[in-house]
Amino acid sequence: MFRVMCTMITIIVVALSVSSTQADIPQVINYQGRLTDSTGTPVDTTVDFTFTIYSDSVAGTSLWTETHTSVTVQKGLFSVLLGSMTPLSNTVFDGSVRWLGIQAGSSPESTSRLPLVSSTYAYRAGYADTAAYALSAPGGGGNGWIDNGNYIRLETSADSVGIGVVVPSAKLDVNGDTKIKGRISVGTSHTNTGTNSSIGGGSLNTASGDWSVIGGGNSNDATQTYTTVSGGAVNRASGTGATVSGGTNNKADGSEATVGGGKFNRASGNFSVIAGGGGLADIDSNRVDGGWSAIGGGHGNTITGYHSTIAGGQEHSISGYYSAILGGYADTITSMANYSYLFGIGSKLTSDSTFMVDMPHIRFGDESSGYEFPTQDGSTGQVMATNGSGQLGWTDAPGISQAEADNRYVNKSGDEMNGDLTFDNNDDGTIEAKIDLYNDYANMNFYDGDSLTTKIFGHIYGGVYLFSDTGGLRIQSDASPGGGLIKLYDNNTTEKIILNAGGVSANYTVMLPDSAIDNDEILNEPGIVSAINTASYGLGGSMTDMVVQSITIPTAGYIHVTGRCYIRFSGTRDENGAYIQIDETSGGSIVTGEYVRISVDSSLSIGSYRFPVFVDRIFYKPTAGTYTFRLEGMKYAANGMATTFNHRLTAVFYPTSYGSVSTVVAELSGNPEAVPVAGNADEDTPGTEQAYQVDLRYYELKAKEARMKALEAELELEKARQREENREMR
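Residues numbered from 1 in each chain as written. Predicted model: local features only at pLDDT ≥ 70, side-chain atom pairs only at ≥ 80, totals over all residues. Heavy atoms only, no water.

Asker: Could you clarify how one ought to interpret the overall build of the protein chain in this entry?
Answerer: Along its length, the protein chain carries four helices and 59 strands. Within the protein chain, the proportion of its 730 residues that are buried is 31%. Contacts in the protein chain between residues at least 24 apart in sequence constitute 34% of all its contacts with a sequence separation of at least 6. (Helix = DSSP H or I, 4+ residues; strand = E, 2+ residues; numbered from the N terminus. Buried < 20%, exposed > 50% of the residue type's maximum accessible area, 1.4 Å probe, protein only. Contact = heavy atoms within 4.5 Å.)

Here it is, written out as C-alpha cells:
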C-alpha cells in the first residue's frame, strides 16, 4: 500500500490554445512527489504511476490521463514529465481550475486531488498576444538583446553581462561556479578543433588534438591527444601526451616527451626530457632522439641512445645506451660504449661499461686541503703516495737500506751465498724451514725446521733426482742420451712408470705397471684443444668470428667441436635475434641444421636480456693434418643490439678406431647401415640365428646427436623460464 505525500508541480506551459506559436514551446508539466509505504516510511523501488486531470476536486469529468511505467523512487522521491507520454491538448486548460489525481502501483487513486495552478512567470505567456511582443521577436530588438536568428547579442555594444553580480566589472562577470562542456578558446585568432580541447589565452594558437591544452602565448601547437603547451611562442607538442612548459621554438615530438623551456629544444624520443637551455638557432639546440633519455640544460647537446643522460654543458653527444655525461664541454660516448660514465673536456669513450674521468684536476675533499691526483703517469714500479699536506704524487716503491740488504739478503748481482738459506716466516726468531747446499753438484737438502725431509741431487745430464729422507729414490728426470727421461720408483730399484722420449723401442717409450692400461688402449688417444676470448662483439648482418681454434690430428677421425658464449639483447620492443654456429669458413652464411637461433620477442619491455648459448658440430676428417674452426654469429633482425661476450671454443679429436670399429649384434637397433650375416648372434645359444654386422661409429654419432638435442631442449626451457619471469615482473 503506497501513499503519495508532498508534491510539487511546475506548469511549464499554460493557456495552450493562445496561438499557433505556442507549439514551439515544450507542452509538459514537471511533477515531483514523495512516496511512502503505509507506515509513512519513504521507499526505494520502481513503481507504475497513473496521472488523471479532472474538472472537479472530488467528482467531475476526466479530461486527460497518462501512465508512467517503472518510475525510479529513491528515498521516497520521484519526478515525471506530465504530457511526455500522452500530449496535453489545448482543451484541457481553458482558464478553469483543474485537479490532478494520482495512482501508485496497484493502490487506489489518492482521494485528495491536487489543484493545478500557474507559476509566477507563466502569466508572461499572455504577453505573446500583444503588439509589444513583436519587439522581441526574432530579428527585432528590445530589452537590451538582439536575436539575429543564429546569434544573440547585446543591443548596446557598450553594455556588459553580469551573472551573480549587480554591476559587472567586465564584458562578462560571473560570480559563482561555471561549467562549460566542449572546447574553450580565450584570446584572438585561435584554431581550436580538438574534442574537449582548450586555449587559455594569447593569439594564433592551435589546439587540434583531442583533450589538448594551450595555456596561452603565441603561435603554439598542441596537435595530438592529451598534449599540453603551457605558454611561450612557436612551441609544438605533437607526441601523444607530450608537454612543452614554455620558452620558444621548442618541440616535444615523442610520446609522453617533455620540454621544460628554453629555445630550439627538441624531445623526439618517447618519454624523453629536456629541462631547458638551447641556443639561438636550431643547429645550436639540445636534442633527445633516444627513448627514456634526458638533457638537463646547456646547448648543442645530443642523445640518440636510450636511457642516457646529459646533465648540462655544451656540445656533448651520447650514442650509447644507459650512459651519462655530467657536464663540461664537447664530450662523446659512442654507440659501442654502453653503460658508461664520462667526466671530461673534449673527451671520447668507445668501450663498453667504462667509467672515465679525463680532466686536468681531480680532487677529493675541499680545494685547499683535499687530495689532488697527479696529471701524468709515473715510471714503471712507482706508487702513489701523499706528501702529508694533501698532495698525491708518484714515488719509488718503499724498500730497505743498502746496509740492511747486504746483511740479510742476496742482491741480484755481486753477492755470494755462504751456508744455509733459512726461513723465519713468523719473524719470531724460529726457523720454520731451511735449505742447504751440501756438495759441488748443486745437490740440496730441504728441512722442515731442523728435520731433513727431502733431497734433490743434480745429474750429469742436467736432470734432477728427488729422494726422500730415507734414501729411497722417488723421481728421476734428466736429458738422457737420445731424449728426455722421467722415471717414477716405488723404492730404490723398482721402476713403476717410465716416460722415455729416446727409448730404443716403441714399447719402452711409455712403460706402465701391469695393472694400468696397455699400449693398444692409448694408441691414437683423443686430443683436445680449447680457446677463450673475453672480448665483446656487437653482431651485424654478416657472420662475425668470435673465437678461432686449430687442432692437429695424427690420423683420420672425428673432430667434435663445442662452443659457448653469452649474448645480450637490448634497446628494442621489437623482435631481436641472432644466429650462432660453428664453421670452418670465415664470414660465410648460416649452415642449415647446424646453427642455434636465439631471440627475444616484442612482448618484452625495453631492457637488457642475457642468455647462455651452446652449440656443437661434428666434422669427419679423412686424413691427418691441422684444421681450423671458428665460433661465429650474426644478427637476423635489424632491431636493437645483440652483443656477445665470454666466448669458448673446444675441439676434441676421436680416432676412427681404437682397434676394431665393427661388431656383430643380434638386432638391428634402427641401424640402416647394418649388414646381415649368418652365425651365432648369442654365444650362449647354439644354431645359426640371423645376426648383423654394424659399425660402432654409427651409434657414437647417434649418441652425440642425442646430447646435442638435449642441450637445445635445455636452452629452450631456459628461454621460456626467463620469459615467464619477465611477465611476472611486469
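Asker: Is there a simple way to explain empty space enclosed by the protein in this structure?
Answerer: With a probe scaled to a water molecule rolled over the atoms, the places where space remains empty come into view. Inspection of the entire model under this criterion finds three cavities of 30 Å³ or more. Its boundaries defined by the atoms lining it, the largest cavity holds a volume of some 80 Å³. Around the largest cavity, the lining residues are Gly-593, Glu-594, Tyr-595, Val-596, Phe-614, Val-615, Asp-616, Met-708, Leu-711, Glu-712 and Leu-715. When residues of the lining of the largest cavity are traced back to their parent elements, those giving at least two are strand S54 (608–621) and helix H4 (696–729). With four residues, H4 is the largest single contributor of residues to the lining of the largest cavity. Considered class by class, the residues forming the lining of the largest cavity number seven nonpolar, one polar and three charged. Roughly 60 Å³ of volume is contained in the second largest cavity. In terms of lining, the second largest cavity is formed by 14 residues, of which the most central are Thr-572, Asp-574, Val-600, Ser-605 and Tyr-609. (1 Å grid on protein atoms, 1.4 Å probe; cavity = no way out; pocket = protein on both sides within 12 Å on 5 of 7 lines; lining within 4 Å. Points joined across faces, edges and corners; volume = space filled by probe spheres on them. Nonpolar A, V, L, I, M, F, W, Y, C, P; charged D, E, K, R; others polar.)

Asker: Just to check I follow, could you spell out the environment of Thr-534 for this structure?
Answerer: Tracing the sequence through the fold places Thr-534 in the loop between strand S48 (528–533) and strand S49 (537–538). Spatially, the C-alpha atoms of Thr-534 and Arg-648 are 8.5 Å apart, while their sequence positions differ by 114 residues.

Asker: Help me understand the side chain of Ser-599, please; the structure alone is not making it clear to me.
Answerer: Along the chain, Ser-599 turns up in strand S53 (residues 596–600). A polar atom in the side chain of Ser-599 sits 3.3 Å from the side chain of Tyr-636. Not counting residues within four places of it along the chain, the set of residues in contact with Ser-599 comprises Phe-569, Glu-575, Asn-576, Gly-577, Tyr-636 and Lys-719. (Polar contact = N/O pair within 3.5 Å; in protein donor to acceptor, adjacent residues only side chain to side chain.)

Asker: Would you explain the pattern of salt bridges in this entry?
Answerer: In total, this model carries ten salt bridges according to the counting rule given. A salt bridge links Asp-253 to Arg-266; the nearest nitrogen and oxygen atoms lie 2.5 Å apart. Here the residue Asp-253 occupies a position in the loop between strand S21 (251–252) and strand S22 (258–259), and Arg-266 occupies one in strand S23 (residues 266–267), the gap between them amounting to 13 residues. A relative accessible area of 17% means that Asp-253 is categorised as buried. Between Glu-718 and Arg-721 there is a salt bridge, and its shortest N-O distance comes to 2.4 Å. With Glu-718 and Arg-721 both in helix H4 and three residues apart, this pair spans about one turn of that helix. Classification of Glu-718 as partly exposed rests on a relative accessible area of 23%. Look at the salt bridges and you will find they share partners, linking Arg-236, Asp-253 and Arg-266 into a network. (Salt bridge = Lys/Arg side-chain N within 4 Å of Asp/Glu carboxyl O.)

Asker: I tried to follow the sheet that holds strand S3 (residues 45–54) on my own but got confused; where do I start?
Answerer: In any sheet, the strands associate via hydrogen bonds between backbone groups, in a parallel or an antiparallel arrangement. Here we have four strands laid out as an open sheet, ordered S4-S3-S6-S7, and antiparallel in their pairing. Each edge of the open sheet is held by one strand with a lone partner, namely strand S4 (62–73) and strand S7 (114–116). Averaged over all pairs of adjacent strands, the angle between their axes in this sheet comes to 30°, without regard to strand direction. Bridge count for S3 against S4 is nine bridges, and the pairing is antiparallel. Bridging from a neighbouring strand, Phe-49 pairs with His-68 of S4. (Pairing = 2+ DSSP bridges. Axes fitted to C-alpha atoms, helices over the stretch in contact; angles between N-to-C directions.)

Asker: Whenever I open this one, the packing of aromatic side chains confuses me. Can you help?
Answerer: For any two aromatic rings, the description comes down to two numbers: the centre-to-centre distance and the angle of the planes. Counted according to the given criterion, the structure contains 18 aromatic pairs. Ring geometry for Phe-619 against Phe-629: centres 4.7 Å apart, planes inclined by 40°, an arrangement best described as tilted. Note that Phe-619 is positioned in strand S54 and Phe-629 in strand S55 (residues 625–635), a separation of ten residues in sequence. Classification of Phe-619 as buried rests on a relative accessible area of 6%. Pairwise contacts between aromatic rings join Phe-271, Trp-292, Tyr-306, Tyr-321, Tyr-322 and Tyr-339 into one cluster. For Arg-113, the ring lying beneath its charged end belongs to Tyr-54, and the centroid distance is 3.4 Å. Over the aromatic face of Tyr-636 sits the side chain of Arg-597, whose NZ or CZ is 4.2 Å from the ring centroid. (Phe/Tyr/Trp six-rings, centres within 6.5 Å; stacked < 30°, edge-to-face > 60°. Lys NZ or Arg CZ within 6 Å of the ring centre and 35° of its normal.)

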